[in-house]
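Now for the letters of each chain:
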Amino acid sequence: MSGISGVNRAAAASVPGVDEATVQVLTVGLGLIHVLQVYTSSMVAIAAWDWVTCLTAEWEYIWKKDWSLIKCLYLWTRYYGLICFSINLWLFNAEFTVEQCKSLHYLIAATCMWTTLGSEAILAVRTYAFLGKARWLGILLVGMLLAETGFLLYVAIAAVYQIPPPPFPLENPRGPCTASDKPGSHVVSGFWLAPVAFDLICTFLTVWKALTLQQSIVRSPIIKIFVREGLGYFLAVAGVNVLNAAFMFQKNPNLQNINCFLALVLSQVLCCRLVLNLKGAQESTSRPGTNSNTANSYTPGAPRSTGVSIPLRKYQQDSTFAQTDIYDGVKVEINVEHNNDDCRQSSDMKHHASAV
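Residues numbered from 1 in each chain as written. Predicted model: local features only at pLDDT ≥ 70, side-chain atom pairs only at ≥ 80, totals over all residues. Heavy atoms only, no water.

A. Region of the structure containing the overall build of the protein. A count of helical and extended segments in the protein gives twelve helices and six strands. When burial is assessed residue by residue, the protein has 42% of its 356 residues classed as buried. If you sum the accessible surface of the protein, you get close to 19100 Å²; carbon and sulfur atoms cover 63% of it. (Helix = DSSP H or I, 4+ residues; strand = E, 2+ residues; numbered from the N terminus. Buried < 20%, exposed > 50% of the residue type's maximum accessible area, 1.4 Å probe, protein only. Areas by Shrake-Rupley, 256 points an atom, 1.4 Å probe, with all protein chains shown as cover.)

In structure tokens, the structure reads:
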């Protein structure tokens, strides 16, 4: 970084008519822009890497399944998120004039908010399913999502402020297109605190339900995943979002949004992993247990069993969220044993009856 700092200082010193203090300020600003570009590029690389490593599980648990609400939310959060990250990566790394950025800087919050809302919707469906699809809870979660959407729209339209590029070149300054709070305002900090409030409510409800089930001596690997990954998601994303909100109070505008991509990528990655892990746990628990060495073998004189799997989701009365959450239904395995002596006796009786 020493070479980059030297280049930044040389560029700042090339501006005519500036004193040493101004040169120092420009050097720090150029350095922060470089850090922001490297930071966001690294976060996008992590999002792409996670997508590639999850392709096999995604094919098995998402693409091969019937269309449902949770499938649509997963695909939206995953693939729209990647598109959103690519757009913002372009804005942060390309060079734009002040006039060009006047319109483009609105894309930053306007595109990122829908990735955040996709992650929040997945948490809402997960919480709704885990608490037994209570009507009051569905109304509460939908109301909170609509309120958060309205606030994020307000921030994206009216609260963001274009950060002017560094004065290079002097005739027509060009630089990355970034945005932050308006001077003297801290409204954009709510862009990161609103998801924290929503996540806190969902996490509280999940933990409360898990404690209730534990008192009822209910054990399930799916419940463990709900609690473990739900708490992990909340602690990680809430911590980063609070950090983002705190950075919005920095005087240097280049520092205010430096952690935004960390929060966006982390929430997207953890939410998609949560869906895949829950789907994987559901598949493993609903699959009838068979021994691979004896499943297809037959021993003469031994009882034979036939397994019949009945997916109970076919008999669900409420189809509003049918197959949209973790509970895609359980399977009942009916093993019918056939005794050779009984079969032989039944055959003899049928033969005797036909002879008579």
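B. The pattern of salt bridges, seen in detail. Scanning all chains against the criterion turns up five salt bridges. D50 serves as the salt-bridge partner of R78, at 2.8 Å between the closest nitrogen and oxygen. Remark: D50 occurs in helix α2 (residues 20–53) and R78 occurs in helix α4 (residues 69–93); sequence separation between them is 28 residues. Given a relative accessible area of 0%, R78 falls into the buried group. (Salt bridge = Lys/Arg side-chain N within 4 Å of Asp/Glu carboxyl O.)

C. Main features of the packing of aromatic side chains. Within the structure shown, the criterion is met by seven aromatic pairs. Seen in terms of ring centroids, W76 and Y80 are 4.4 Å apart; in terms of plane orientation they differ by 5 degrees. Their pairing is stacked. With W76 and Y80 both in helix α4, this residue pair falls four residues apart, about one helical turn. Accessibility expressed as a relative area gives 18% for Y80, which makes it buried. For the pair F191 and W192, a centre-to-centre distance of 5.0 Å together with 75 degrees between the ring planes defines the contact as edge-to-face. Owing to a relative accessible area of 3%, F191 belongs among the buried residues under this scheme. Taken together, the aromatic side chains of W51, W63 and Y79 make up a single cluster linked through ring pairs. Directly above the ring of W67 sits K71, whose terminal nitrogen or CZ lies 4.2 Å from the centroid. (Phe/Tyr/Trp six-rings, centres within 6.5 Å; stacked < 30°, edge-to-face > 60°. Lys NZ or Arg CZ within 6 Å of the ring centre and 35° of its normal.)

D. Here's a closer look at empty space enclosed by the protein. Counted under the stated rule, the structure contains four cavities of 30 Å³ or more. Around the largest cavity sit 16 residues that line it, and I108, A109, A179, V188 and W192 are the ones nearest its centre. Of all the secondary structure elements, the ones that give two or more residues to the lining of the largest cavity are α4, α6 (106–130), β4 (178–181), α8 (189–215) and α11 (260–286). A per-class count over the lining of the largest cavity returns 13 nonpolar, three polar and no charged. If you go around the second largest cavity, the residues you meet are T116, S119, E120, W192, P195, D199, Y233, V237, N241, A263, L264 and S267. Of all the secondary-structure elements, those providing two or more residues to the lining of the second largest cavity are α6, α8, α9 (221–247) and α11. (1 Å grid on protein atoms, 1.4 Å probe; cavity = no way out; pocket = protein on both sides within 12 Å on 5 of 7 lines; lining within 4 Å. Points joined across faces, edges and corners; volume = space filled by probe spheres on them. Nonpolar A, V, L, I, M, F, W, Y, C, P; charged D, E, K, R; others polar.)

E. Quick peek at the state of the cysteines. Across all of its chains, the model carries one disulfide by this definition. Here C101 connects covalently by a disulfide to C177, the sulfurs 2.0 Å from one another. Handedness of the C101-C177 disulfide follows from its S-S torsion of about 90 degrees: it is right-handed. Of the two residues, C101 sits in helix α5 (residues 98–104) while C177 sits in the loop between β3 (174–175) and β4, which places them 76 residues apart along the sequence. (Disulfide = S-S within 2.5 Å.)

F. Local environment of the environment of A194. Within the element layout of this structure, A194 appears in helix α8. Taking the C-alpha atoms as reference points, A194 and E148, separated by 46 residues in sequence, lie 6.5 Å from one another. What A194 contacts, discounting residues up to four positions off in sequence, is E148 and F151. (Contact = heavy atoms within 4.5 Å.)

G. Inspection of the side chain of T115 at higher detail. Looking at the element boundaries, T115 is found in helix α6. Overall, the relative accessible area of 0% leaves T115 in the buried class. T115 has contacts with T77, Y80, G81, C84, F85 and Q268, leaving out every residue within four places of it along the chain.

H. Up close: the nonpolar core. Residues F85, L91, F92, V188, F191, W192 and F261 are the most contacted members of the largest nonpolar core, which totals 37 residues. Those elements that place two or more of their residues in this core are α2, α4, α5, α6, α7 (135–159), α8 and α11. Counting residues in hydrophobic clusters, the runner-up holds 35 residues, among them I62, F198, L278 and A281. (Core = buried A, V, L, I, M, F, W, Y, C linked by side-chain atoms within 4.5 Å.)

I. Examining the packing of α6 against α7 more closely. The N-to-C vectors of α6 and α7 enclose an angle of 170 degrees; their axes lie 9 Å apart at closest approach. Relative to α7, the element α6 lies roughly antiparallel. Packed against α6, whose contacting residues are Y106, A109, A110, M113, W114, T116, L117, E120, A121, A124, T127 and Y128, the element α7 presents L137, G138, L141, L145, E148, T149, L152, L153, A156 and I157 at the interface. (Axes fitted to C-alpha atoms, helices over the stretch in contact; angles between N-to-C directions. Parallel < 35°, antiparallel > 145°, perpendicular 65-115°, else oblique.)

J. Highlighting the environment of T111. Within the fold, T111 resides in helix α6. Given the relative accessible area of 10%, T111 is considered buried. As for T111 and A156, which are separated by 45 residues in sequence, their C-alpha atoms are 8.7 Å apart. With sequence-adjacent residues up to four places away left out, T111 is seen in contact with Y80, C84 and N88. At 3.1 Å, the side chain of T111 forms a polar contact with the side chain of N88. A polar side-chain atom of T111 sits 3.3 Å from the main-chain carbonyl oxygen of I108. (Polar contact = N/O pair within 3.5 Å; in protein donor to acceptor, adjacent residues only side chain to side chain.)

K. A nonpolar patch on the surface, seen in detail. A surface patch of nonpolar side chains, about 400 Å² in accessible area, is lined by W76, W114, L153 and I157. One can find I157 in helix α7. For I157, a relative accessible area of 61% puts it in the exposed group. (Patch = residues over 30% accessible without salt bridge, like charges linked within 9 Å, V, L, I, M, F, W, Y side chains within 5 Å.)

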